[in-house]
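Topology and contacts: notes
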Amino acid sequence: MKFGTKAIHAGVEPDPTTGAIMTPIYQSTTFAQASPGKHKGYEYARTQNPTRKPLEAALAALENAKYGFAFASGMAATDTIIKMLRPGDEVICAQDMYGGTYRIFTRLFSEFGIKFHFVDTRDVANVKAVLTPNTKLVWLETPTNPLLEISDVQAICQALKNEDLMVVVDNTFATPYLQNPLDLGAHLVTHSSTKYLGGHSDVVGGAIMCNDSKLAEKLHFLQNSCGAVPAPLDCFLLLRSIKTLHLRMEAHNKNAAIVAKFLETIPSVAKVIYPGLESHNGHELAKKQMRGFGGMVSFILKDDSEEAAFRCLEKVKVFTLAESLGGVESLACHPGTMTHASIPVERRLEIGIRPSLIRLSVGVEDVEDLTADLAQALR
Ligand SMILES: *Cc1c(COP(=O)(O)O)cnc(C)c1O
């Protein structure tokens, strides 16, 4: 089945009791048993839920995975993956990553005896350089948040194929429509479904997909034991959202490419960061690894100060100044003081999060209104 057909149909069957086309929101926490242990596949709603099950099947299908798990948030999914490790284990991760991931690694799990090495994963040699017998996990984000750096998932997986470790890719920015890390050799793929999978800025969720039955067993154990599961209504909203993922991503791709090219013509803009631009250092790799360049665009101003960025962000009208991304509406944010405030300022500068860096989540409005809005805000 091709992607659009999967997005609309995967995991979903008409409800067996009523024929309802849309999966009902099953709020029931418990399910009747005919005899102890004899039931219709559902016992207790933390363990399995009839609204969550089709969502998990749909999530798996989108990533060409055998198994899918839905979580209450992207961070709950991250938390679950790190709980597969033990004290003494080491993790190699991308130096530019979502601020909340950086925070849970450095401020929570490092206290539990897990060691994190942050390296520039764009070069496989940097990953190999910090590899030890204790390395159990490699955490990649590509494109990264907010600098949109591209790492070569296939090359990294290939280089590590004889090591006893898992490669995880946070695929939130690319979405399964543009990139499938499991097909490139990754063991796990994770998403904040709050972003493009949800797509309408009205549901918080997370997901993990994999092909290995042993990993799936561990994930289900943790999902059930720790209980960070999404509510039935949230599962319903995500099931509905996924049906238009391919349509929305095409529109995001198109608008973001136009916005990025437009920003390059603005005199007060020093640098535009978008994997679809030839000037982007990961452009060739992105062309190979992805089926489109996504809806995120970052840029730096010639007047490289927070004040200059704030002046622009206070003036936008069609774009909304807000955290988060991936919704149909366009958002603009200042990563340094918003999404990435939990990363110390020296560290931010080291990895390239400049004071004037602005990150756009380009929505699916008419693009002329978006470019006109940016033009007036940057005047
Ligand atoms: C938002 C985000 C997360 C965290 O997800 P939540 O749903 O907010 O918990 C993780 N990774 C990336 C790349 C994100 O953008």
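Everything quoted here is computed from the prediction, not taken from an experiment.

Each value, and the rule that gives it
- Think of each chain on its own: its residues are numbered from 1, step by step along the sequence as written.
- Reporting in this predicted model follows two pLDDT cut-offs: at least 70 for local features of residues, and 80 or more for side-chain atom pairs to be given and counted; totals over whole chains, interfaces and linings ignore these cut-offs and use all residues.
- Hydrogen atoms and water are omitted, and side-chain values are computed over all heavy atoms in the structure.
- Buried residues are those whose accessible area, probed at 1.4 Å on protein chains only, stays under 20% of the maximum for their type, while exposed residues exceed 50% and partly exposed ones sit between those limits.
- Working definition: helices are DSSP H or I runs of at least four residues, strands are E runs of at least two. Numbering for both runs from the N terminus.
- Whether two residues are in contact is decided by their heavy atoms: any pair within 4.5 Å suffices.
- Where each domain begins and ends is defined by an automated method or by a domain database.
- Buried area is understood as the total, over both parts, of accessible area removed when two parts are fitted together, assessed with a 1.4 Å probe.
- Read the arc as the range of directions from the helix axis to the C-beta atoms.
- Only when DSSP finds a minimum of two bridges between them are two strands counted as paired.
- Here an axis means a line fitted to C-alpha atoms, over the contact stretch when the element is a helix, while the angle between two N-to-C directions is reported on a 0 to 180 degree scale.
- Put simply, a residue is near a molecule or strand once any heavy atom of it comes within 4 Å of that molecule or strand.
- In protein, a polar contact requires one atom able to donate a hydrogen and another able to accept it; more generally it is a pair of N or O atoms within 3.5 Å, and residues adjacent in sequence count only if both atoms are side-chain atoms.
- Shrake-Rupley sampling with a 1.4 Å probe provides the accessible areas, and residues are treated as covered by the protein chains on show and by no other component.
- All amino acids are sorted into three groups, where Ala, Val, Leu, Ile, Met, Phe, Trp, Tyr, Cys and Pro are nonpolar, Asp, Glu, Lys and Arg are charged, and the leftover types, Gly among them, are polar.
- Here the aromatic set is Phe, Tyr and Trp, taking the six-membered ring for Trp, and pairing holds for ring centres within 6.5 Å; pairs whose planes are under 30 degrees apart are stacked, those over 60 apart are edge-to-face, and all others are tilted.
- Any Lys NZ or Arg CZ that is within 6 Å of a ring centre and within 35 degrees of that ring's normal is treated as a charge sitting over the ring.

Side note on helix 4 (residues 99-108)
When helix 4 is considered as a whole, its buried residues turn out to be Gly99, Gly100, Thr101, Tyr102, Ile104 and Phe105. Along its buried surface, helix 4 packs onto helix 3 (74-82), strand 2 (90-94), strand 3 (115-119), strand 4 (135-141) and helix 13 (345-351).

Here we look at the domain arrangement of the chain
For the chain, the assigned domains are domain 1 (3-242) and domain 2 (246-378). When each unit is reduced to the centre of its C-alpha atoms, the spacing between domain 1 and domain 2 is 26 Å. Domain 1 puts 44 residues into the contact, and the matching count from domain 2 is 44 residues. Interface area for domain 1 against domain 2, summed over the two sides, is near 3400 Å², with a carbon-plus-sulfur share of 58%.

A look at unusual backbone geometry
The peptide bond linking Thr142 to Pro143 adopts the cis configuration, its omega dihedral lying at -5°. Note on placement: Pro143 falls in the loop between strand 4 and helix 6 (153-159). Note that the residue after Asn145, namely Pro146, is joined by a cis bond; omega there is 10°. With respect to the helices and strands, the residue Pro146 is situated in the loop between strand 4 and helix 6. If you check the backbone angles, Thr175 has positive phi at about 70° while not being a glycine. Counting through the fold element by element, Thr175 comes out in helix 7 (residues 175-178). Assessed through its relative accessible area of 1%, Thr175 is described here as buried.

Overview of helix 12 (residues 306-315)
When helix 12 is considered as a whole, its buried residues turn out to be Ala308, Ala309, Cys312 and Leu313. Projected onto a plane normal to the axis of helix 12, the buried residues spread over an arc of 130° and lie on a single side. Counted as exposed and oriented over 90 degrees from the buried face of helix 12: Glu307 and Glu314. Considering only its buried residues, helix 12 is in contact with strand 9 (296-301), strand 10 (320-321), strand 11 (331-333), strand 12 (358-361) and helix 14 (367-377).

Observations concerning the sheet that holds strand 2
Spatially, seven strands are ordered 1-7-6-5-4-2-3 in an open sheet, and the strand pairing comes out mixed. Unpaired on one side and paired on the other, strand 1 (67-71) and strand 3 mark the two borders of the sheet. The average undirected angle you get between the axes of adjacent strands in this sheet is 20°. Across five bridges, strand 6 (residues 188-192) lies against strand 7 (residues 206-210) in antiparallel orientation. Residue pairing in the sheet places His191 in a bridge with Ala207 of strand 7. Strand contacts of helix 3: strand 1, strand 3, strand 4, strand 5 (166-170), strand 6 and strand 7, with the helix running at about 45° to strand 7, the strand carrying the most contacts. Sitting on the sheet, helix 8 (residues 213-226) touches strand 1, strand 5, strand 6 and strand 7, and the angle it makes with strand 1 is about 20°.

What about the site of the ligand?
With respect to spatial proximity, 14 residues lie near the ligand, and among them Met75, Asp170, Ser192, Thr194 and Lys195 are the closest. In the environment of the ligand, an oxygen atom lies 2.9 Å from a nitrogen or oxygen atom belonging to the backbone of Gly74. Residue Lys195 places a side-chain N or O atom 2.7 Å away from an oxygen atom belonging to the ligand. Coverage of the ligand by the protein amounts to 92% of the 380 Å² it exposes when considered alone. Looking at side-chain class alone, the shell around the ligand contains four nonpolar, seven polar and three charged residues.

Here's the deal with the pairing of strand 4
Buried residues dominate strand 4, accounting for six of its seven residues. Here five bridges tie strand 4 to strand 5, and the two strands are oriented parallel to one another. Bridging across to strand 5, Leu137 finds its partner in Met166.

Comments concerning the packing of aromatic side chains
In this structure the tally under the stated criterion is seven aromatic pairs. Where Phe105 meets Trp139, the ring centres are 5.3 Å apart and the plane angle is 90°; that geometry is what we call edge-to-face. On the criterion of sequence distance, the pair formed by Phe105 in helix 4 and Trp139 in strand 4 is long-range, its members being 34 residues apart. Judged on exposure class, the residue Phe105 and its partner Trp139 are both buried. Above the plane of the ring of Tyr98 lies Lys195, whose end atom (NZ or CZ) is 5.0 Å from the centre.

Quick notes on the sheet that holds strand 11
Strand order in this open sheet of five strands is 8-9-12-11-10, and the pairing throughout is mixed. Looking at the sheet topology across the chains shown, the edges are occupied by strand 8 (269-273) and strand 10. Sheet analysis places strand 10 next to strand 11, joined by two bridges and oriented parallel. Along strand 11, the bridge assignment pairs Leu321 with Ala332. Lying over the sheet, helix 12 contacts strand 9, strand 10, strand 11 and strand 12, oriented at roughly 30° with respect to strand 12.

Regarding the environment of Pro232
Residue placement: Pro232 occurs in helix 9 (residues 232-242). When its relative accessible area of 13% is taken as the criterion, Pro232 is described as buried. The spatial distance from the C-alpha of Pro232 to the C-alpha of Ile150 is 35 Å, given a sequence separation of 82 residues. Contact partners of Pro232, with chain neighbours within four places excluded, come to Ile25, Tyr26, Gln27, Asn49 and Thr51.

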